[in-house]
Amino acid sequence: DAGVTQSPTHLIKTRGQHVTLRCSPISGHKSVSWYQQVLGQGPQFIFQYYEKEERGRGNFPDRFSARQFPNYSSELNVNALLLGDSALYLCASSLGAVGTEAFFGQGTRLTVV
Amino acid sequence: GENVEQHPSTLSVQEGDSAVIKCTYSDSASNYFPWYKQELGKGPQLIIDIRSNVGEKKDQRIAVTLNKTAKHFSLHITETQPEDSAVYFCAARDSGGGADGLTFGKGTHLIIQP
């Protein structure tokens, strides 16, 4: 079985641009969460989606948005990119809404110049 | 919100020795505590987890202990091997509030010396 897949693996964008990152969860998993990992730090929670509904949001500005599709894949969108948005963006897949293990993809390395 | 502190930030041990990484958390409502291993260029890999109704859990060379009263939990790796070298993260989660987001510590860089 395929694990969590994310695309693209690397991305370079210019300040002020917009970016879309994509995630496909493990087959059968209905929950997708997004995390931002800045170099040298632990991942920080951005969003959780379950059955296409947002279930939670971390402390991130409105420039960050996400959605989940009927096939449970998800997109993370970031508008008006700042240099500080440079990070590894991780997607985590879980079977249910709460209380189940989270499995991470390899991440998308975003560099904002 | 939850705050997770992790120590040490770097740990160097001789191959074959044991390694212990410690974490404390602030929110007494947290009830799930996973540990992740992250190798260079990869996403975090779940290696073991523990729930608040259990005090200790073991999986081969890896064990986790939880003290809910003191709000701390630890990862123990015995008979360390070169492939154990990586960054380890602890995390905590309170699933009662609706969202299921994990709060991570800052990580421990484990170095296994040959």
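Up top is the structure.
Residues numbered from 1 in each chain as written. Chains lettered and ligands numbered in written order. Predicted model: local features only at pLDDT ≥ 70, side-chain atom pairs only at ≥ 80, totals over all residues. Heavy atoms only, no water.

**Q** I keep staring at the state of the cysteines and nothing clicks. Help me out?
**A** Put plainly, a disulfide is one covalent bond tying together the sulfur atoms of two cysteines. All names here are of chain A. In the structure shown here, the tally under the stated rule is two disulfides over all chains. Across a sulfur-sulfur distance of 1.8 Å, C23 and C91 are joined as a disulfide pair. Since a negative S-S torsion denotes a left-handed disulfide, the C23-C91 link at about -60 degrees is left-handed. Of this pair, C23 sits in strand β3 (residues 19-24) while C91 sits in strand β9 (residues 87-94), and the two are 68 residues apart along the sequence. C91 shares its class with C23; the two are buried. (Disulfide = S-S within 2.5 Å. Helix = DSSP H or I, 4+ residues; strand = E, 2+ residues; numbered from the N terminus. Buried < 20%, exposed > 50% of the residue type's maximum accessible area, 1.4 Å probe, protein only.)

**Q** Can you walk me through empty space enclosed by the protein in this structure?
**A** Over the atoms, a rolled probe matching the size of one water molecule traces out where space is still vacant. If you walk through the whole model with that rule in mind, you get one cavity of 30 Å³ or more. If you add up the space inside the largest cavity, you get close to 50 Å³. S31, S33, Y35, Q48, A92, S94, T100 and A102 of chain A together with R93 and D100 of chain B together form the lining of the largest cavity. Going through the elements one at a time, β4 (31-37) and β9 of chain A are the ones with two or more residues in the lining of the largest cavity. Broken down by element, the residue count for the lining of the largest cavity peaks at three residues, all from β4 of chain A. Its residues assigned to classes, the lining of the largest cavity shows three nonpolar, five polar and two charged. (1 Å grid on protein atoms, 1.4 Å probe; cavity = no way out; pocket = protein on both sides within 12 Å on 5 of 7 lines; lining within 4 Å. Points joined across faces, edges and corners; volume = space filled by probe spheres on them. Nonpolar A, V, L, I, M, F, W, Y, C, P; charged D, E, K, R; others polar.)

**Q** Just to check I follow, could you spell out the pattern of salt bridges for this structure?
**A** For the coordinates displayed, the defined rule picks out ten salt bridges over all chains. Residue D62 of chain A pairs with R57 of chain A through a salt bridge whose shortest N-O separation is 3.9 Å. (Salt bridge = Lys/Arg side-chain N within 4 Å of Asp/Glu carboxyl O.)

**Q** Sorry if this is basic, but what is going on with unusual backbone geometry here?
**A** The bulk of non-glycine residues show a negative phi, and the bulk of peptide bonds are trans. Going from S7 of chain A to P8 of chain A, the amide bond is cis rather than trans, its omega being -10 degrees. Here P8 of chain A shows up in the loop between β1 (5-7) and β2 (10-13). In the segment running from H7 of chain B into P8 of chain B, the intervening peptide bond is cis, with an omega of -5 degrees. As for its placement among the helices and strands, P8 of chain B is situated in the loop between β1 (4-7) and β2 (10-14). In this model, Y72 of chain A sits at a positive phi of 75 degrees, which is unusual for a non-glycine residue. Assignment of secondary structure puts Y72 of chain A in the loop between β7 (64-68) and β8 (74-78). The phi torsion at E79 of chain B lies on the positive side, around 45 degrees, for a residue other than glycine. Looking at where E79 of chain B falls in the secondary structure, it is placed in the loop between β8 (72-77) and β9 (86-92).

**Q** Please clarify how the interface of chain B and chain A should be interpreted in this entry.
**A** A common measure of how large an interface is: the accessible area buried when the components associate. Each side of the interface is counted separately: chain B has 21 residues, and chain A has 22 residues. In total, chain B and chain A occlude about 1,600 Å² of area from one another, counting both sides; carbon and sulfur atoms represent 51% of this. It is P44, D100 and F104 of chain B that lose the most area in chain B upon contact with chain A, and together they represent 25% of the buried surface on that side. Along the contact surface separating chain B from chain A lie one salt bridge. In this structure, E101 of chain A engages R51 of chain B in a salt bridge whose closest nitrogen and oxygen atoms are separated by 4.0 Å. Among the elements of the structure, β4 (32-38) and β5 (45-51) of chain B are those that each provide at least two residues to the side of chain B that touches chain A. When the residues that make up the side of chain B that touches chain A are grouped by side-chain class, the tally is eight nonpolar, seven polar and six charged. (Contact = heavy atoms within 4.5 Å. Buried area = accessible area lost by both parts, 1.4 Å probe.)

**Q** Mind showing me how you'd approach the sheet that holds strand β3 (residues 19-25) of chain B here?
**A** Strands pair in a sheet through their backbones, by hydrogen bonds, and they do so in one of two ways: parallel or antiparallel. Residue and element names in this part refer to chain B. Read from one edge to the other, the open sheet built from five strands follows the order β1-β3-β8-β7-β6, with strand pairing classed as antiparallel. The open sheet terminates on both sides in strands that have one partner only, identified here as β1 and β6 (56-59). Averaged over neighbouring strand pairs, the angle between their axes works out to 15 degrees when direction is ignored. The pairing of β3 with β8 spans six bridges and is classified as antiparallel. Following the sheet pairing, C23 is matched in β8 by F73. (Pairing = 2+ DSSP bridges. Axes fitted to C-alpha atoms, helices over the stretch in contact; angles between N-to-C directions.)

**Q** Just to check I follow, could you spell out the sheet that holds β3 of chain A for this structure?
**A** Residues and elements named next belong to chain A. Reading across the sheet, the four strands line up as β1-β3-β8-β7 and stay open at both edges, with antiparallel pairing between neighbours. Each having just a single partner strand, β1 and β7 make up the two edges of the open sheet. Sheet twist, expressed as the average angle between the axes of neighbouring strands with direction ignored, equals 15 degrees. Pairing of β7 with β8, which is carried by five bridges, proceeds in the antiparallel orientation. In the strand pairing of β8, A66 is matched with L76.

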